[in-house]
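# Close look at the chain arrangement
Read off the chains here:
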Amino acid sequence: MRNLHLWDISNGNIPVESKGLQTVYYGHDGINSSGDLYVCSHNLVVSCYNGNGDIKWNVDLSGTSSPNNYSVNLTYLTLPNTLCVALKNGELFTISDSGKTCDLAGVFDVGLSVMEWSPDQELLVLVTKNLKTILMSCTFDPMNEVDLLNEEFGLKQFITVGWGKKETQFHGSEGKQAAKLKSEIIADANTSSNNTVRITWRGDGHLYAIGFTMDGIRRFKVFDREGNLQYTSEKQQGLESNLAWRPSGNVIATTQRLSDKYVVTFFEKNGLKHGEFIIPVNATTCVEQLAWSSDSEILTLQCREIDTNYQKLLLFTTGNYHWYLKQTLEFNPNQQISKIIWDNNFDVANSKKLHIILDNGQHFTYSWIWNVDHSTGQTDKDDALVAVIDGPKILVTGFRQNVVPPPMAATEIKCESFINSIHFAPCAINDEYRKTNRFFVYTADHTLVFYEQTQKFPLKLEVIKIIQLDKYDLLFKYYNWYWIKPNMLMCVMMDNEHGYHLVEYNIEDDKIKKENVTPLPEAVTRIQSHPTDSTSVFLQLRNGEILWYTKEKLEIQNIMFPVTCPNFNIISIKEDLYFIGLSHKGNLLINGAIALNNVSSFFIHTHFLLITTLQHLLLCVELTKSGISAIMEYQKTQSEYIYKRKIERGAKLIIAVPNDIRTIFQLPRGNLECIQPRPLALKVIGEYLNSLKYNEAFDLMRKQRINLNLIYDHNPEQFIKDIDVFLQSITNNSWLSLFLSDLENVDVTKTMYSSSYADKMTTANYEIGNKIKKICDIIRMHLTQRSDADSKILPLLTAFVKKNTVEDLETALSLIKDLKIKESGGLKLCVGSDEALKYLLYMVDVNRLFDVALGMYDFDLVLLVATKSQKDPKEYVPMLNELNEMDENYRRFTINKHLKKFSKAIQYLVKCGPEKYDQLKTFVKYHSLYREALSLLSPDEDVYKDISDDFGLYLKLKKEFIKAGIIYERANNSEKAVECYKEALEWELAIKVAHCWSKEKLKNVCGDLINGLKEEKRHHEALKIFEQYYENHEEAINYAIENSQYKTALRLCTQYNLFHLKTERILPTLLDEYKNLKNLIEKNCSDFVKYKERLFIVRENKIKTSATDNYDFSYTNRDSDLYSDAGSTLASSSRGSSRSFRSSKNRRKHERKVASLKEGSQYEDIALVMTLHNLVTTTFDLRMPIKEVNLALCCFEKDEEAFILQTLLEKLLTIMKDSLRDIWTNELVIEATNASIVAQNIPEGSNVIPQGIASLEPHIRISPIISDINWKLDFD
């Protein structure tokens, strides 16, 4: 589907003598990338010209060579920077040092016919005039010599076992006698003109072929790099001397003139024929030369018309096993071609650069690129036409209607001359229906032919205008044609002074008139119209600059591509222009910056930018600023704006149908593939939904398997507002049911289709969790109000089922029952009850539907469902008969019990009366339905009390004593209520219930409560009970003293006039407490200082040990008895992170070892940190108890003792605060945290626990957190 587009053109002149040029070679010296031209004239003057045609040096070989001599061939050798020249009489010269040194490398006495170097220039092949081939190294050392006239086939002689013989093959209409015919190959009549010897190398340089004449028949032989003969070609009638091995290596091309046709014939390397194609020339034309482009994609035929002496070049390409004639270059008799050379520069940009050197010294350079010629419209009126050139034929396909695989086409147009280019009307002139489907062709005889589409399907086009341009000798003087307006064309003109001009033509009727000629600073490679202004265009120059042109005015843009791009386009997004280009090396450029690498093609769709990559991916991004930004950042970060999908290897974009979802790719072989990218489909569906075209959107979503939730999620408010339009559009009940059944409580624009709705704003009041219910309810409401509601029974049933509640299923069954009643009354319905029930059974499990019908207590409905299902009557008929024999309430209880609706069943069991109370108690107890039963019964009934007792016991077993006490209290069971409150230590509730008991009994209750509160250290509450209910003041005071509640004890002594207890009980106990606290503070102080100093010593020793000994303690085996046989032996020092243990006993042993303060122990520093942390914490916790003691001491005028106690604690706290940073250093915190993280990464299930420093609890890894409180007394 691609055509060869003329990309760049240049010309030059070489001064030559009257006899013209003899041999020419084009090569690169490794320094000058433009290449040099090496020429040997008839008088043996060798010259070198640069790219501008200026001579660099020349050497005259006539003085050092034999007389009557001429050049056979010459080749520039890049590495030695040497030119090798072979002469007819056998001399082989090398010229180096820019012509300063000329050496005779060798002489062949018999003379030379041809010379050819290998592609890597390491081997030289020569053929002498006596048809002997000589293989030499790059240093001109002979390697092998073979006689071409030898009858040997070669080392790879075919071995046949008789398979595939002609005698065994089917010959069709020719009959069996054709198997007996033997075709004889006879010598050509014109053998004298067919004795030219040709050498051609395969592109990898491993094989070469030599073509020659033997016994009047053209043959060729294939040799390897050692010069050994491998194959000899089969005999073929009419072969000519042309021979060219395709660089990719799969075929060898030659020409063959047969009695009825003139063809290019292909051979495999084994010499067997492998296809052909007809050359479209007359009988008097011969092919003088074959040449392949360096990328193997173009086969060039140099032809000569014998009668008129006209020459032409035919450029063929192949696709899907068909050879297309893409370009025809015609030369008059005054422009005789001396040599055609395809550029051998390895730069991919020069893979299709053709050099043509004429005898008169003119040097033309033509660069070609692949281009897809297609219509450029962006509306539905554009039929996505793609035109393919094949000689004088145009193969046109409209991809909006159908996809026709090449080499076929939807229609074929035959022109009177060969076609060189096709140009479609630009998108800017699509004011009428057919204009974007118009195009014109530029032919080899300088004619413009305009075509217009007259019929869509089958596709038809007609000629509407033919314009003949002026004749000129300079080939492609006018190129890069562009249709800018309905009556205006534009092209680039190259004048004889090598300058370039932009030419505007105005078309009036069938005449063309040159309007404006604007000089250009550089050659133009691409022209593109402005996306919003049809009067201006953008020009891409050879150096990558971009010019804006309008009305004879040129303006250089600020944006410039680093290299000129063969694929160039411009898009407009919110009045901002984006210049997009794809370089030869696969770099996608946006506004001059490289956005992506490894890009093989791109296409501008109506709403999207489509890109294919060398990773065989299709990237699709919407033409928005955020989408372009996402593409620019694609290689750095992934974005939800970009859609990706895999495509076939090597697939490239041909066209995407405007405002449609079809995207056409062409695979490397040439066949087509059509896909529908999801973003394109979603965009079209979105436009349908916005236009309320629900039927078209639904149909496309079904075909593309797109989730139907999008119909609602695209715009919920619009859907609800236009629900009647939706129901009116979707007339198919199956479609409507499908939509309802596909509903989900998710927003697909935020999940599976989020990339296409990245900019969607959250809709207000859109509750996604209530989506199904909301849609089903509104559709059901509107369906029931329609005049055709009777025909919408099935969607209604779907709405009920989709809500998936028992109530809705019951409503659905009621609807079916109503249909049954109407049918029994003789009404003819659109949807019968049987059909509706079958449909319902298809969506709902029959067992569930049976249970729902049973739960409606409607046995007729139950039988209706059962008869339409596969259920066995033996299963349900006896059960229904048994239920019919029961009374109403007990029947409903039994049904709900069967359906496991126990809460509902108990309601009917209570209604059965006292005779069923025994069963009620059992049923309630078995199913734990206590609350439900109690809510249905009166507290005055005995059964209420019985169930309450069971409920209380049930709660007591669950340790819910407070709830149990409340239940007992409601049932007037005060003793059990008090017991439950006592268990929960809810002393106030317990005393509330027991306050009416006898004093002795109440005292016992209070005693039990006091003991319980004492165990929980809730002394204040216990003292309240003593004070208010126990009536034993002395015992209350003793309780306060025992539990260090000195202030309360002093208050009670004063309140109840028990002053003697102050001196007898409170003061002695207080002094004992003083002594104990003083001793505790002193001990804590000495222990703290001792452990702190020991910690510093241990740390210093470890630093010294690590500095003098590099041995890693993490692999010592001191505790081998603790290791698991299957576990890892990790760190055994205090810095280890984890270790495996066999049992919990060993774990406890290890924990004790870590906490051991034994000097020199393995984990001594860890144990010291743990001990110090505990000392600091417990000491700071003494502040409030000491404050209480000091207050009591002051009450007894013991200010000195209180001051001593406060001072001791204050000093110790100061010492501890000052030491915290030295104990919990930053190194310790970081090391402990890292070790813990390593230990946490141990796989789950492994028998490994943290050890050493990793075993420290998180709160111990850092210094204790001390809160400031007001604990000190003022003794001043």
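Calculation notes
- Residues numbered from 1 in each chain as written.
- Predicted model: local features only at pLDDT ≥ 70, side-chain atom pairs only at ≥ 80, totals over all residues.
- Heavy atoms only, no water.
- Helix = DSSP H or I, 4+ residues; strand = E, 2+ residues; numbered from the N terminus.
- Buried < 20%, exposed > 50% of the residue type's maximum accessible area, 1.4 Å probe, protein only.
- Contact = heavy atoms within 4.5 Å.
- Pairing = 2+ DSSP bridges.
- Axes fitted to C-alpha atoms, helices over the stretch in contact; angles between N-to-C directions.
- Salt bridge = Lys/Arg side-chain N within 4 Å of Asp/Glu carboxyl O.
- 1 Å grid on protein atoms, 1.4 Å probe; cavity = no way out; pocket = protein on both sides within 12 Å on 5 of 7 lines; lining within 4 Å.
- Points joined across faces, edges and corners; volume = space filled by probe spheres on them.
- Nonpolar A, V, L, I, M, F, W, Y, C, P; charged D, E, K, R; others polar.
- Core = buried A, V, L, I, M, F, W, Y, C linked by side-chain atoms within 4.5 Å.
- Phe/Tyr/Trp six-rings, centres within 6.5 Å; stacked < 30°, edge-to-face > 60°.
- pLDDT = per-residue confidence, 0-100.
- Arc of directions from axis to C-beta.

This part takes up the overall build of the protein. In terms of helices and strands, the protein carries 34 helices and 57 strands. A burial count over the protein gives 51% of its 1276 residues as buried. Long-range contacts, defined as pairs at least 24 residues apart, comprise 50% of the intrachain contacts of the protein with a sequence gap of at least 6.

Within the open sheet, the four strands sit side by side as β14-β15-β16-β17. Their pairing is antiparallel. Two strands lie at the open edges of the sheet, namely β14 (198-201) and β17 (229-232), each paired on one side alone. Adjacent strand axes in the sheet meet at a mean angle of 25°, parallel and antiparallel pairs treated alike.

Per the stated rule, a full pass over the model turns up 39 salt bridges. The partner of Asp-777 in a salt bridge is Lys-803, and the shortest N-O contact between them spans 2.7 Å. In this pair, Asp-777 is assigned in helix α9 (residues 771-785) and Lys-803 in helix α10 (residues 793-803), connecting sequence segments 26 residues apart. Summarising the burial analysis for this pair, Asp-777 and Lys-803 share the class buried. The closest approach of N and O atoms between Glu-960 and Lys-958, which form a salt bridge, is 3.9 Å. For Glu-960, a relative accessible area of 25% corresponds to the partly exposed category. A relative accessible area of 42% places Lys-958 in the partly exposed class. If you follow the salt bridges from partner to partner, you end up with Lys-773, Asp-777, Arg-780, Lys-803 and Asp-808 in one network.

Before going further, it helps to spend a moment on empty space enclosed by the protein. To find leftover empty space, a probe the size of one water molecule is rolled over the atoms. Scanning the entire structure with this criterion turns up five cavities of 30 Å³ or more. There is about 100 Å³ of room inside the largest cavity. The wall of the largest cavity is formed by 14 residues, among which Leu-6, Ser-421, Phe-476, Tyr-479 and Asn-480 lie closest to the centre. Taken together, the elements giving at least two residues each to the lining of the largest cavity come down to β1 (3-13), β33 (419-424) and β37 (478-485). It is β37 that provides the largest number of residues to the lining of the largest cavity, a total of four residues. Its residues assigned to classes, the lining of the largest cavity shows eight nonpolar, six polar and no charged. The computed volume of the second largest cavity comes to approximately 70 Å³. Taken together, Gly-211, Arg-218, Arg-219, Phe-220, Leu-239, Glu-240, Ser-241, Asn-242, Leu-243, Thr-254 and Phe-267 make up the lining of the second largest cavity.

Judged by nonpolar contacts, the single largest core of 130 residues is most densely connected at Leu-854, Leu-920 and Ile-947. Apart from residues no more than four positions distant in its own chain, Leu-854 is found in contact with Phe-859, Val-862, Met-879, Leu-880, Leu-883, Ile-895, His-898 and Leu-899. Judged by nonpolar contacts, the second largest core, of 64 residues, contains Leu-395, Met-701, Trp-735 and Leu-740.

A separate point is the packing of helix α15 (residues 873-884) against helix α16 (residues 888-898). The geometry of α15 relative to α16 is characterised by a closest axis approach of 9 Å and an angle of 145° between their N-to-C directions. Along its contact with α15, which presents Met-879, Leu-883 and Asn-884, the element α16 presents Arg-891, Thr-894, Ile-895 and His-898. Residue composition of the contact of α15 with α16, grouped by class: three nonpolar, three polar and one charged.

Relative to the elements of secondary structure, Arg-400 occurs in the loop between β31 (393-398) and β32 (411-414). In this structure Arg-400 touches Thr-379, Asp-380, Asp-382, Asp-383, Ala-384, Val-657, Pro-658, Asp-660 and Arg-662, once residues within four positions along its chain are discounted.

Describing an aromatic ring pair means giving the distance of the ring centres and the angle of the ring planes. A complete count under the given rule lists 40 aromatic pairs for this structure. Here the aromatic rings of Phe-440 and Phe-450 are separated by 5.2 Å at their centres, their planes lie at 35°, and the arrangement is tilted. Of the two residues, Phe-440 sits in strand β34 (residues 439-443) while Phe-450 sits in strand β35 (residues 447-455), which places them 10 residues apart along the sequence. Look at Phe-561 and Phe-568: their rings are 5.9 Å apart centre to centre, the planes differ by 80°, and that puts the pair in the edge-to-face class.

Let us look at the confidence of the model for the protein. When pLDDT is averaged across the protein, the result is 84; 90% of the residues are at 70 or more. Note that residues 429-433 has pLDDT below 50 and, in this model, 10 contacts with residues that lie over four places away or in other chains. Per-residue pLDDT stays below 50 along residues 1110-1142; that stretch engages in 94 contacts with residues further than four places along the chain or on separate chains.

Here the focus is helix α4 (residues 694-704). Turning to α4, its buried residues are Tyr-694, Ala-697, Phe-698, Leu-700, Met-701 and Gln-704. For α4, the angular spread of buried residues about the axis comes to 165°, placing them on one side. Here the buried face of α4 lies against α3 (678-690), α5 (710-713), α6 (716-721), α7 (723-729) and α8 (733-741). One or two steps after α4, the chain reaches Arg-705, where phi turns positive at roughly 55°.

On to the environment of Met-879. Topologically, Met-879 is positioned in helix α15. Setting aside residues up to four positions removed in sequence, Met-879 forms contacts with Phe-850, Leu-854 and His-898.

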